[in-house]
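Listed below are the residues making up each chain.
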Amino acid sequence: MSSIEERVKKIVAEQLGVKEEEVQTEASFVEDLGADSLDTVELVMALEEEFETEIPDEEAEKITTVKLAIDYIKENLA
Amino acid sequence: MSEEKTVALVTGASRGIGRAIAERLADDGYRVVGTATTESGAAAITEYLQAGGFDGCGMTLDVADQAAVEDVVKGISAQFGAPLVLVNNAGITRDNILMRMKPEEWQAVIDTNLSAVYRASKACLRGMTKARWGRIVNITSVVGAMGNAGQSNYAASKAGVEGFSRALARELGSRAITVNCVAPGFIDTDMTRALNEDQREAMLGQIPLARLGEASEIAALVGFLCGSHAGYITGETIHINGGMNMA
């Protein structure tokens, strides 16, 4: 089983259509990876499915970087 | 039955235009879930779909209830698959001249005709964006464009849905999801059958084609908009009113 970090990065790469090596931990979805607002919503949906969880809208809005996504999953999935 | 049918959700499908749309879509090969506010309405939907030999069923839903809308869409997704076609047809009237219109009459119409379109569309978007395909057709009214004395609430709700649809069409275009409105004029349904002879004559006098429309004629247009040939039409309101209002 790959780490949470790897799984998050893989999903970000798939959803945003970028190479996995471009998905740096500090990268911002919109500014660095070219996501638009709809992409970010879909990304959260994909994370919800991968980790079998529900991320409330208020929390989802705060997840704007790869690191924030990893942190959220780690904190809420332990 | 193993082939995957696209699931279509039609609100307000127990009678009138909604029923005709549900039957049209079922005949076009969709698995149709029609909703009605009452148990008996939902049962009637199941009955006519089964009688037609179609796949699908009726469900109870009050589109003014946020949680109920979310639950029904989740239930359909689990049972049949996510609805990729949504026809927002459920609507009510509470006619009154504005100087007599009670806040409840205003609110009920806005809630069921306009806010419900927000609710149902939002609930279906997860499935549609994931599929990278979807069709939303909102049933509005010629009254949204022309206005009608005694229907300020209804006219506002229908014009509101048309603006909503244009905005949503822009949001979702990149995902091949189209959002359109069909605006019927006077159609032969229970709603128009309730009019008296004088009202009926006055109404027909405004219609170049000199007859009421058939619910099946509205349904055929909705069927076209849901189909693959209509993939380049979005954000549009298509009028179907016998010529009583030509834009």
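This one's a predicted model, so the numbers in the text were calculated from it and none came from an experiment.

*Asks:* How should I be thinking about the UniProt feature "domain: Carrier" (unreviewed entry) in chain A in this particular structure?
*Replies:* Listed under "domain: Carrier" (unreviewed entry) in the UniProt record, and renumbered for this structure, are residues 2-77 of chain A. Annotated as 57% helix and 0% strand, the span residues 2-77 of chain A places its first and last C-alpha atoms 15 Å apart.

*Asks:* Any chance you could explain a negative patch on the surface here in plain terms?
*Replies:* Residues and elements named next belong to chain A. Side chains of E6, E20, E21 and E22 sit close together on the surface and give a patch of like negative charge. Examined against the element boundaries, E21 turns out to sit in the loop between helix 1 (4-16) and helix 2 (37-50). Judged by relative accessible area, which is 57%, E21 ranks as exposed.

*Asks:* Would you explain the pattern of salt bridges in this entry?
*Replies:* Pairs can form between side chains of opposite charge whenever their charged atoms are close. According to the stated counting rule, one finds 22 salt bridges over all chains in the structure shown. Residue E14 of chain A pairs with K10 of chain A through a salt bridge whose shortest N-O separation is 3.1 Å. Of this pair, E14 of chain A and K10 of chain A both sit in helix 1, four residues apart, which is roughly one turn of that helix. Of the residues examined, E14 of chain A reaches a relative accessible area of 54% and is grouped as exposed. For K10 of chain A, a relative accessible area of 42% gives the class partly exposed. Among the salt bridges present, the one from R31 of chain B reaches D55 of chain B, with a minimum N-O distance of 3.1 Å. Of this pair, R31 of chain B sits in strand 2 (residues 31-36) while D55 of chain B sits in the loop between helix 2 (39-51) and strand 3 (56-60); the two residues are 24 residues apart in sequence, bridging distant segments of the chain. For R31 of chain B, a relative accessible area of 16% translates into the label buried. Sharing partners across several salt bridges, the network here consists of D39 and E42 of chain A together with R132 and R175 of chain B.

*Asks:* How do you make sense of unusual backbone geometry when you look at a structure like this?
*Replies:* Glycine aside, residues mostly have negative phi, and peptide bonds are mostly found in the trans state. Non-glycine residue E52 of chain A carries a positive phi angle of around 45 degrees. Mapping E52 of chain A onto the fold places it in the loop between helix 2 and helix 3 (57-60). A positive phi angle is found at A210 of chain B, which is not glycine, with a value near 55 degrees. Positionally, A210 of chain B belongs in the loop between helix 8 (197-205) and helix 9 (215-226).

*Asks:* For this particular structure, what's the right way to read the packing of helix 2 of chain A against helix 4 (residues 103-131) of chain B?
*Replies:* Each pair of packed helices can be described by the angle between their axes along with the distance between the axes. It is the contact of helix 2 of chain A with helix 4 of chain B, at a shortest axis distance of 11 Å, that shows an interaxial angle of 95 degrees. Relative to helix 4 of chain B, helix 2 of chain A is oriented roughly perpendicular. Together, L38, E42, M45, E48 and E49 of chain A of helix 2 of chain A and R126, T129 and K130 of chain B of helix 4 of chain B make up the contact between the two elements. In terms of residue class, the contact of helix 2 of chain A with helix 4 of chain B is made up of two nonpolar, one polar and five charged.

*Asks:* In this structure, what is going on with the sheet that holds strand 1 (residues 7-10) of chain B? I would like to understand it.
*Replies:* All names here are of chain B. On the basis of which strands lie adjacent, the open sheet formed by seven strands has the order 3-2-1-4-5-6-7 and parallel pairing. Each edge of the open sheet carries a strand with a single partner, namely strand 3 and strand 7 (237-240). Averaged over all adjacent pairs, the angle separating strand axes in this sheet is 20 degrees, with direction ignored. The sheet contact formed by strand 2 and strand 3 spans five bridges and is parallel. Each bridged residue has a counterpart across the sheet, and for V33 the counterpart in strand 3 is C57. Sitting on the sheet, helix 3 (residues 66-79) is in contact with strand 1, strand 2, strand 3 and strand 4 (83-88), with an inclination near 155 degrees to strand 3. The strands touched by helix 4 are strand 1, strand 4, strand 5 (134-139) and strand 6 (177-184); relative to strand 4, the strand with the most contacts, the crossing angle is about 160 degrees.

Cut-offs used in this document
- Per chain, residue numbering runs from 1 following the sequence as it is written.
- A letter from A marks each chain and a number from 1 marks each ligand, given out in the order of writing.
- Given that this is a predicted model, residues contribute local features only at a pLDDT of at least 70 and side-chain atom pairs are listed and counted only at 80 or more, while totals for whole chains, interfaces and linings are drawn from all residues.
- Only hydrogens and water are removed before side-chain values are computed, so all heavy atoms of the structure are retained for them.
- UniProt positions are given in the numbering used here, feature names are shortened, and annotations may be inferred rather than shown by experiment.
- Secondary structure elements follow DSSP: runs of H or I of four or more residues count as helices, runs of E of two or more count as strands, with numbering from the N terminus.
- To count toward a patch, a residue needs a relative accessible area over 30% and no salt bridge; like charges are then connected within 9 Å, while nonpolar side chains (Val, Leu, Ile, Met, Phe, Trp, Tyr) are connected within 5 Å.
- In these tables, accessible area is a Shrake-Rupley quantity obtained with a 1.4 Å probe, and a residue counts as shielded only by the protein chains included in the view.
- The term salt bridge refers to a side-chain nitrogen of Lys or Arg lying within 4 Å of a carboxyl oxygen of Asp or Glu.
- Counted as positive: Lys and Arg. Counted as negative: Asp and Glu, with His and the chain ends omitted from the count.
- For the purpose of locating charges, the reference atoms are NZ of Lys, CZ of Arg, CG of Asp and CD of Glu.
- Exposed residues in this analysis have more than 50% of their type's maximum accessible area, buried residues have under 20%, and partly exposed residues fall in between, with area computed by a 1.4 Å probe over protein chains only.
- Here an axis means a line fitted to C-alpha atoms, over the contact stretch when the element is a helix, while the angle between two N-to-C directions is reported on a 0 to 180 degree scale.
- To sort the angles, those under 35 degrees are grouped as roughly parallel, those over 145 as roughly antiparallel, those from 65 to 115 as roughly perpendicular, and the leftovers as oblique.
- The contact rule is simple, with two residues in contact once any of their heavy atoms fall within 4.5 Å.
- Each residue is assigned to one class: nonpolar for Ala, Val, Leu, Ile, Met, Phe, Trp, Tyr, Cys and Pro, charged for Asp, Glu, Lys and Arg, and polar for all the others, Gly among them.
- Any two strands with at least two DSSP-identified bridges between them are counted as paired.

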